[in-house]
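Here's the letter readout for the chains.
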Amino acid sequence: MGLDDRVRVTREQVLRAYAVLYREGEWLREQLRALQDRLRLQPCGGDPVSIDTAKVYNWKFVDAPDSIYRQYRKYSQTLLDAAVELRVAAEEYGFTEAEIAESLARYPS
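No experiment lies behind these values; they were computed from the predicted model shown. Residue numbers run consecutively from 1 along every chain, following the written order of its sequence. Local features in a predicted model are, by the rule used here, given only for residues with pLDDT of at least 70; side-chain atom pairs are given and counted only at 80 or more, and totals for whole chains, interfaces and linings are based on all residues. For the side-chain quantities, the full set of heavy atoms in the structure was used; hydrogens and water were omitted.

## Remarks on the pattern of salt bridges
Okay, step 1: We count a salt bridge whenever a side-chain nitrogen from Lys or Arg sits within 4 Å of a carboxyl oxygen from Asp or Glu. Tallied over the entire structure, the rule returns five salt bridges.
Okay, step 2: In this structure, the salt-bridge partner of R33 is E30, at a minimum N-O distance of 2.1 Å. Highlighted residues: R33 and E30, both in helix 1 (residues 11-35), separated by three residues, approximately one helical turn.
Okay, step 3: With a closest N to O distance of 2.8 Å, R106 and E102 form a salt bridge. Taken together, the positions of R106 and E102, both in helix 4 (residues 97-106) and four residues apart, correspond to about one turn of that helix. Numbered from the N terminus, helices here are DSSP runs of H or I no shorter than four residues, and strands are runs of E no shorter than two.

## Digging into helix 3 (residues 68-92)
In an α-helix, one turn spans 3.6 residues, which is why side chains three or four residues apart end up on the same side.
Okay, step 1: To estimate how far a helix should extend, the number of its residues minus one is multiplied by 1.5 Å. Between its first and last C-alpha atoms helix 3 spans 36 Å; for 25 residues at 1.5 Å apiece the expected length is 36 Å, and the two agree.
Okay, step 2: Contacts from the buried residues of helix 3 go to helix 1, helix 2 (48-63) and helix 4.
Okay, step 3: Backbone geometry just after helix 3 places G94 at a positive phi near 100 degrees. The contact definition used throughout considers only heavy atoms, calling two residues in contact when any of these lie within 4.5 Å.

## Examining the nonpolar core
Okay, step 1: To qualify as a nonpolar core, a set must consist of buried Ala, Val, Leu, Ile, Met, Phe, Trp, Tyr and Cys residues joined through side-chain atoms within 4.5 Å. For each residue, the accessible area found with a 1.4 Å probe, counting protein chains only, is set against the maximum for its type, and the residue is called buried under 20%, exposed over 50%, and partly exposed in between. Membership of the largest hydrophobic core is limited to ten residues, which are V14, L15, Y18, A19, A83, L86, A90, F95, I100 and Y107.
Okay, step 2: Those elements giving two or more residues to this core turn out to be helix 1 and helix 3.
Okay, step 3: The biggest single contributor to this core is helix 1, with four residues.
Okay, step 4: If near-sequence neighbours (up to four positions away) are discounted, A19 is found in contact with S103, L104 and Y107.

Spelled out as structure tokens, the structure:
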């Protein structure tokens, strides 16, 4: 990615962008934590097919390295990583720690 391909955030936008990405990343992470156990499929019976089916779905939805759950976890981390970069940009623009922290309350989703 060349310098001209980067996203540019102005001083006026940086706190709002930080607040939105941070809040959304944290919200998604919390939702995923709350849902993780409920995403697991229980066997509908005691037969081998039901047991094996539940294992396969649990692998695909939750346990596999590329599971749907883990992909959403990665996405939430991507949002939080971008928020960290915006926080650094805010500091470089001269915003204080207090102003940065206050932006989370000032800019609702």
